Each structure stands twice: as C-alpha cells, then as structure tokens.
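Architecture and fold: a report
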Amino acid sequence: MRVGIIGWRGMVGSVLMERMRAEDDFALIEPTFFSTTQAGLSAPLASHAHALICDANDIAVLSGMDVILTCQGGAYTERVHPRLRAAGWGGYWIDAASSLRMQPEAVIILDPVNRDVIDAALRRGQRDFIGGNCTVSLLLLALAGLFKADLIEWISSMTYQAASGAGAANMRELVAQMAYLGLESGAPIADADAGASILEFDRAIATRLRVAGIPVAEFGQALAGNLIPWIDSDLGTGQSREEWKSGAEANKILDRTERPIAIDGVCVRVGVMRCHSQALTIKLRRPMDAAAVEDVLRGGNSWVRVIQNTRDESMRALTPLAVSGTMDIPIGRIRNLPMGPQYISAFTVGDQLLWGAAEPLRRMLRLIVSGTI
Ligand code: NAP
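Quick summary incoming for the structure in this document. This is a predicted model, so every value here is computed, not measured.

Attention shifts here to the packing of aromatic side chains. For the structure on display, the rule yields 7 aromatic pairs. Ring centres 6.5 Å apart and planes at 75 degrees place the aromatic pair Trp89 and Trp93 in the edge-to-face group. Take Trp93: its relative accessible area is 0%, and that puts it in the buried class. For the ring pair Trp303 and Trp355, a centre distance of 4.7 Å and an interplane angle of 70 degrees mean the geometry is edge-to-face.

This is the structure in structure tokens:
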C-alpha cells in the first residue's frame, strides 16, 4: 500500500517514526514523505517511487496514496482533507489532529478500548480514523477495566500536562526558559549562599521569571517555575476546549454518546517535559473497596500497571520521568474517599506521545494494511 506520511518531523511524528521503525511497519508499506516546508530534500526513508520529500499541499500527489497518515496539525487537516475528498479521493485518512474527531463519519481510534467500533466502521467502509486527545486516551486506557464493567458513574480529572503535549517548539521553549533562569540565577544563588534571606532569593527569581528576557513565544507565559491553568481555546462557557474534549471524546470512543458518562475537570500545563498525569476522583456505580477496584483495573488491558498506594512505590513508579518513553500506563494512589463508599481517588501517568498520540495511529495503519495489529 502507498502510504503518505505528513508531520513526521514534529513531536508526534518523530515518535511515530521511531515506533514504526521499531515494529518494522515500513516493511509492510511503500512510504512517501510529505512536508509543508521541506519539499525537494531527501526523504528520511526513500521508497521506490519517491526519494525526495513531496509537497504536503500537492493534492495530485496526495491523491495517489492509498493511506494518508498525518500528524501535521489541525490547520493542515482543515485545509487538505476537504479538498482531497472533494476531488474524489477514497483512501484512508489517519490523523492525530482534533479537527475531524467529532465528525459523524470519523472514528476516534483507541483499539485496546474500542476495537469493536473500529472493526464495525471498517466493515461499513468508513475512511477517516482519528487519534483521540492524548489525555482522554490515557484516561481510558488506565480505567479500561472499570469502563468495561460499567462501574463508573462520573469522573473528575485534574490534569498535569507536559510541555510536549503542545509540540516540539514548546518543549524547546521550556528548556530555554530553564536555561535562562539558570543563567540569571547565578547572582541570587551566590547571595543566598552568602546569607541573604530566602525572601530576597524568592523575589529575585520571581523577578527573573516575569521580565521580558525570558522566552515565551510559544506558551505566552513562563512555564518553568510556574504552571498555566488553561489548555487550548476558550469556549466562552468557562470550560477550555481541552476540558470539553474529556467528556465528548471519551463517550464517542466508548460508543456511549446516547448514555454518556460525565467526565470533566481542570486541565493544567505544568513544566514537565513529556508524559501527562491526571489526579482522578471517581464516583462508582456501587460501593467497592480499593483492593477490589485494583483487581478490576489490572484486567483492563496489557499495558495498565496498578501501583501499590505507598510513598515509596508512588515515588518510584508513578512519575512522568519513570514512564517517559514506555508504553506502560501506571495507575496508583487508589483509595476510598471519605465522601462515601462509592468514591475513590486515583493518579495515573502515561506517555502522551506514545499511547496518547503515535501508537493508536500506527496500530490503525497496521490494521488497514495487514488486517491485524
Ligand atoms: P509539532 O511538534 O508542532 O509539529 C508539527 C509540524 O511542525 C511538523 O510536522 C513540521 O512540519 C513543523 N515544524 C516546523 N518547525 C519544526 C521543527 N523545528 N521541528 C519539528 N517540526 C517542525 O506538533 P505535534 O505536537 O507533533 O502535534 C501534531 C498534531 O498532533 C496536532 O494536531 C496535535 O494537536 C496532535 N496531537 C499532539 C499530541 C502531543 O502530545 N504533542 C498528542 C495528541 C495529538 P513541516 O515538515 O511541514 O515543516
């Protein structure tokens, strides 16, 4: 199959390329690489047909593909997908961007959770398969056991989302902010070492975080030494678009838009490099003790890892750094809450570039080209 790959230079795309190489996916396809800025340069993996990178806006070349796999972003999808479909292109469109997710003809793909929905869509001849929001996908994977058993009445999720969730440039900016702060902190640290008060030290650092010299082009605000309690656009309802996605997308993935589970919370960007974390309050449909909840969670899928609710285990296994670059979905801090026997807390972490973005896309590609994952 001829597969056009777009967005492979970006954050999600780079991880996707790494995973496709590791799983030998390129042996199954004839890839053509596209870019909006690098057309004419050597392709990262030359196929028989295209040794050079093609122009990602060239509808005629794109139309020659059986599958288009894009992690280029929503603006690209909105510009190119309608033009391709209008030109009669009937290939499979696999996409990381959110633009098409809620379209009725699109399926949000997370096969460990909704393989039945994906298979039914393939049988019906649907052609648009879209990866879910990273935080939503990680939540559904972590709680898969409870969803399968229909034990959840509602979820409040408080997120701690990494810089990488905003893209490659944002990751660089976070480190640039840290470097700027490090360079600018020499004198205050020396003063503190020489006995200056901690309040003077704190004021000196806060001043450096607020001054014009710190790079903020991507985040619009210092993220190093700070956090940003708003992700994505403002819906004008008091809810951010990222927060809206949790309920809307999760229920579409679970194929229960007619009888939705309420999922909402506050989405927060924190100065973590990679991996999103979520603190959860869950109302169960019936009273359960924490041990029984852990048993159900363990059976959710092959990637979920229940972490013992102790200080040592939480510090060892339940941090973004512990999870970064792995397919594991640890969930811990599970305990009954004083609000009542149906309420439990949990904390989960996942690599939002792997299960949250690249992995469902490459697994969907494999399903299309080989019929299995
Ligand atoms: P990104 O890192 O900003 O990359 C997007 C594109 O930016 C690249 O394909 C590349 O396109 C261009 N680019 C320009 N300068 C670049 C540079 N210096 N290095 C790398 N690429 C550069 O975006 P992303 O985070 O991968 O997100 C892509 C899509 O996936 C978005 O729709 C996003 O919402 C979605 N998504 C992201 C995540 C996540 O965790 N990041 C998770 C789920 C879904 P050209 O080759 O055409 O220049």
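To continue, consider the site of the ligand. As a structural note, the neighbourhood of the ligand is formed by 24 residues, with Val12, Ser35, Thr36, Thr37 and Gln72 the closest of them. For the ligand, whose unbound accessible area comes to 880 Å², protein coverage reaches 76%. The site holding the ligand turns out to be the largest pocket. Listing elements by their share of the shell around the ligand, those giving two or more residues are helix 1 (11-22), helix 7 (168-184) and helix 14 (354-370). By residue class, the composition of the shell around the ligand is 9 nonpolar, 13 polar and 2 charged.

Before going further, it helps to examine unusual backbone geometry. Backbone geometry places Cys275, a non-glycine residue, at a positive phi of 95 degrees. Exposure remark for Cys275: the relative accessible area of 0% places this residue in the buried category. One non-glycine residue with positive phi stands out, namely Arg333, at about 55 degrees. Of note, Arg333 is situated in strand 14 (residues 329-336). On the accessibility criterion, Arg333 (38% relative accessible area) is partly exposed.

Approximately 930 Å³ is the volume found for the largest pocket. Lining the largest pocket are 40 residues, with Val12, Cys71, Gly73, Gly165 and Ala166 positioned closest to its centre. Residue assignment for the lining of the largest pocket shows that the elements contributing at least two residues are helix 1, strand 2 (30-35), helix 10 (241-253) and helix 14. Lining the second largest pocket are 15 residues, with Val113, Phe147, Lys148, Leu254 and Asp255 sitting closest to its centre. Those elements that place two or more of their residues in the lining of the second largest pocket are helix 4 (111-124) and helix 6 (144-148). Ranked by residues supplied to the lining of the second largest pocket, first place goes to helix 4 with 5 residues. The residue inventory of the lining of the second largest pocket, partitioned by class, reads 8 nonpolar, 1 polar and 6 charged.

Let us now look at empty space enclosed by the protein. By rolling a water-sized probe across the atoms, one finds the places where empty space is left. Tallying each qualifying case throughout the model produces 1 cavity of 30 Å³ or more. What the largest cavity holds in volume is close to 50 Å³. Along its surface, the largest cavity is lined by Asn133, Thr135, Val136, Leu139, Ser157, Thr159, Glu242, Ser246, Cys267 and Gln278. For the lining of the largest cavity, the secondary-structure elements that each account for two or more residues are helix 5 (134-142), strand 8 (152-160) and helix 10. Top element by residues in the lining of the largest cavity is helix 5. It accounts for 3 residues. Of the residues assigned to the lining of the largest cavity, the class counts are 3 nonpolar, 6 polar and 1 charged.

Time to look at the pattern of salt bridges. On inspection of all chains with the given rule, the structure shows 21 salt bridges. A salt bridge links Arg115 to Asp119, with the shortest nitrogen-to-oxygen separation between them at 3.0 Å. Of this pair, Arg115 and Asp119 both sit in helix 4, 4 residues apart, roughly one helical turn. By relative accessible area, Arg115 is classed as partly exposed at 31%.

Here the focus is the sheet that holds strand 7 (residues 128-131). If you trace the 7 strands from one edge of the open sheet to the other, you get 3-2-1-4-5-7-6, paired in parallel fashion. Across the chains shown, the open sheet's two edge strands, defined by having one partner strand only, are strand 3 (54-55) and strand 6 (106-109). Sheet strands touched by helix 3 (residues 74-86): strand 1 (2-6), strand 4 (67-70), strand 5 (92-95) and strand 7. Its angle to strand 5, the strand with the most contacts, is close to 175 degrees.

It is worth spelling out the environment of Ile231 at this point. Turning to its location among the elements, Ile231 is positioned in the loop between strand 9 (227-228) and helix 10. Here Ile231 falls in the buried class, since its relative accessible area comes to 5%. Separated by 12 residues in the primary sequence, Ile231 and Glu243 place their C-alpha atoms 8.1 Å from one another. Aside from chain neighbours lying at most four places away, what touches Ile231 is Gln161, Ser240, Arg241, Glu242, Cys267, Val268 and Arg269.

Criteria and cut-off values
- Residues numbered from 1 in each chain as written.
- Predicted model: local features only at pLDDT ≥ 70, side-chain atom pairs only at ≥ 80, totals over all residues.
- Heavy atoms only, no water.
- Phe/Tyr/Trp six-rings, centres within 6.5 Å; stacked < 30°, edge-to-face > 60°.
- Buried < 20%, exposed > 50% of the residue type's maximum accessible area, 1.4 Å probe, protein only.
- Near = heavy atom within 4 Å.
- Areas by Shrake-Rupley, 256 points an atom, 1.4 Å probe, with all protein chains shown as cover.
- 1 Å grid on protein atoms, 1.4 Å probe; cavity = no way out; pocket = protein on both sides within 12 Å on 5 of 7 lines; lining within 4 Å.
- Sits in = over half its atoms within 2 Å of the grid points.
- Helix = DSSP H or I, 4+ residues; strand = E, 2+ residues; numbered from the N terminus.
- Nonpolar A, V, L, I, M, F, W, Y, C, P; charged D, E, K, R; others polar.
- Points joined across faces, edges and corners; volume = space filled by probe spheres on them.
- Salt bridge = Lys/Arg side-chain N within 4 Å of Asp/Glu carboxyl O.
- Pairing = 2+ DSSP bridges.
- Contact = heavy atoms within 4.5 Å.
- Axes fitted to C-alpha atoms, helices over the stretch in contact; angles between N-to-C directions.

By themselves these figures say nothing about function.
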